[in-house]
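Structural characterization, general
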Amino acid sequence: LEFRRVLFRSPEKTSTGASILLDDYDALVGWLKDQGFTRPKIVADTLSGWMAGRIPATRGDRARALLNRLMPDMLIHFTTADAPDDKFAALAQFIEGLPASVQIFSLLDYNRHLTRLLCDMLLLSPHLGSYLRQNPMLFDLLLYPTFFEPLPDTNSMVEILRNLALDKPVENALDAIKTQTREWKFRIQVQALSQTIDSSSLGHGLSAIASANVMVILDLAKSDMQRRHGRIDGAVGVIALGGLGTKQMTVSSDIDLLILFDAPDNARSTGTKPLGAPSYFTRLAQTMVSWLGTPTAEGVLYTVDLRLRPEGEAGGIATSLERFKVYFASDAWLWEKLALTKARAVAGDKDLISKIEITISGIVNHSYKSTKIATAIAEMLARMHLARKPKSNWHLRALDGGLTDLDLLVQGLRLLHGDLFASTGQSHSEILDWLKTNARIDDVMHETLSTANSLYNELHQCLRLTFGNAGAVPEILPPPLANFMLTRMDLADTTQLALLIKTSRGAVEGAVRKLLKTNS
């Protein structure tokens, strides 16, 4: 197998590791030092422990034999790039977290091209390294020629997941779905790390995977309810909000869902244990959410956030369409209407979905008073600013003028000019482009906010892809991460990147002040 894509490129050394003896400690330390390792004794001590079988992955004779054959060439490979100690440390953290009896050494021995890809992935993405340690068999997927091809679209994913679940008990069906979902997530993360796809494609792909899961799990939950309580004269619809709604999920996003139902007041299920509509659809929703979010031996599909439902945690997990209409007509806060601008139907009965979309459009797709928007945004910003405690300048959601402020500003503009829109679920770039096209914002405002949006989205996706949690990123970026981000954004150095962030933060804060002043 010849990989067409690599994470880092560096000159290849022509020497081999044939002369490196792992069991000659002093010679190994000397060789490591000569090759540019700054902590040669630590590396040698680690290797000695492995060869003595002190970790689960090397307790077997065959595992140690394979490692003894692999490691010299791996050490040679580490010297072809900067910071060989860091590269070895990334691999060490991965190997020491592996369970016993794994086949990864055999896989690496069979195909030496994988070694470089593995080391580069681990060095660049601690998040992916942790993911691989928990699921080492995912590495086998790299052998398939189709690994770097585009993932199936949402409908194809749904068909694949349904076939996997067909005629299986629920527990086995869920495990099969989780295994396939995990493989798709791994593929798309490695594609993003290897520059095969851009950040926008990553967000769309992750959203497609989540949407397919919601659709299939809802169908399984409906079948389960019909088995236990019979059928009912009613319908259910699932609406995505947040990043899933706008198809901009990151690798660590949860999914924000709104679950609505519609049924006659006197509807009762047909089973031997009949239920009224509120109880029936509440249990259906609970089953779906539980199957999406409850951990099993195969892990968790998604963390589900239902806090954006009417009345928040005080409200029912499933809401009737009629109650939804009444709530948003008389009781909803403006921030809840802002959240609805990101709504996108992802699963459920088609007729009900149409009704829900018409209802949501009626709530948000008309002009709001500018003073009302300005007052609400000012209040929300004031509360958020008081609570903010950014962990570093890379913690974009917690920075003044950062990602959260931009999101609030764009969604505020979206609601202010709701008469321009016929649907919901648009991304920030789509909203800004449409506002400019219809002369609701000028060219300067469009350019300013679009630049900030592109920058923040790229940074946010990169940081989540590599660290999982942007709040965990240190103030001084690790060199591999810095190089990765600079390459994706075609920037010269981190000084230029820091200046762009500072400029964008100031521009967003200025745009917010302009909106509040103009509409106060």
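Residues numbered from 1 in each chain as written. Predicted model: local features only at pLDDT ≥ 70, side-chain atom pairs only at ≥ 80, totals over all residues. Heavy atoms only, no water.

1. Observations regarding the overall build of the protein
Scanning the protein for helices and strands turns up 21 helices and 5 strands. The C-alpha radius of gyration of the protein comes to 26 Å, within 12% of the 24 Å expected for a compact globule of 520 residues. Taking the principal axes of its C-alpha atoms as reference, the protein extends roughly 80 × 65 × 35 Å. Counting all 520 residues of the protein, 54% fall into the buried class. (Helix = DSSP H or I, 4+ residues; strand = E, 2+ residues; numbered from the N terminus. Rg over C-alpha atoms; globule rule 2.2 N^0.38 Å. Buried < 20%, exposed > 50% of the residue type's maximum accessible area, 1.4 Å probe, protein only.)

2. Brief notes about the nonpolar core
Counting residues in hydrophobic clusters, the biggest one holds 174 residues, and the most contacted among them are Leu75 and Met485. At 12 residues, helix H10 (residues 199-229) tops the list of elements feeding residues into this core. (Core = buried A, V, L, I, M, F, W, Y, C linked by side-chain atoms within 4.5 Å.)

3. Comments concerning the pairing of strand E1 (residues 235-241)
Most of E1 is tucked away: 7 of the 7 residues are buried. The sheet contact formed by E1 and strand E2 (residues 255-262) spans 7 bridges and is antiparallel. Its bridge partner lying in E2, Ala240 is registered against Leu257. Two strands pair when backbone bridges link them, and E1 and strand E5 (residues 344-348) are joined in this way by 4 bridges, in the antiparallel orientation. Residue pairing for E5: Val238 is matched across the bridge by Ala347. (Pairing = 2+ DSSP bridges.)

4. Some remarks on the pattern of salt bridges
In this structure the tally under the stated criterion is 16 salt bridges. For the salt bridge of Arg228 with Asp224, the shortest nitrogen-to-oxygen distance reads 2.8 Å. Of this pair, Arg228 and Asp224 both sit in helix H10, 4 residues apart, roughly one helical turn. Exposure remark for Arg228: the relative accessible area of 32% places this residue in the partly exposed category. For Asp224, a relative accessible area of 8% corresponds to the buried category. Among the salt bridges present, the one from Asp400 reaches Arg388, with a minimum N-O distance of 2.9 Å. Of this pair, Asp400 sits in the loop between helix H16 (370-387) and helix H17 (403-416) while Arg388 sits in the loop between H16 and H17, and the two are 12 residues apart along the sequence. Classification of Asp400 by relative accessible area gives partly exposed; the value is 31%. (Salt bridge = Lys/Arg side-chain N within 4 Å of Asp/Glu carboxyl O.)

5. Focus on unusual backbone geometry
Phi at Asp167 takes a positive value of approximately 60°, unusual for a residue other than glycine. If you trace the backbone, Asp167 turns up in the loop between helix H8 (154-165) and helix H9 (170-193). Phi at Asp490 is positive, roughly 55°, even though this residue is not glycine. Relative to the assigned elements, Asp490 resides in the loop between helix H20 (479-489) and helix H21 (494-518). The exposed category is assigned to Asp490, whose relative accessible area is 70%.

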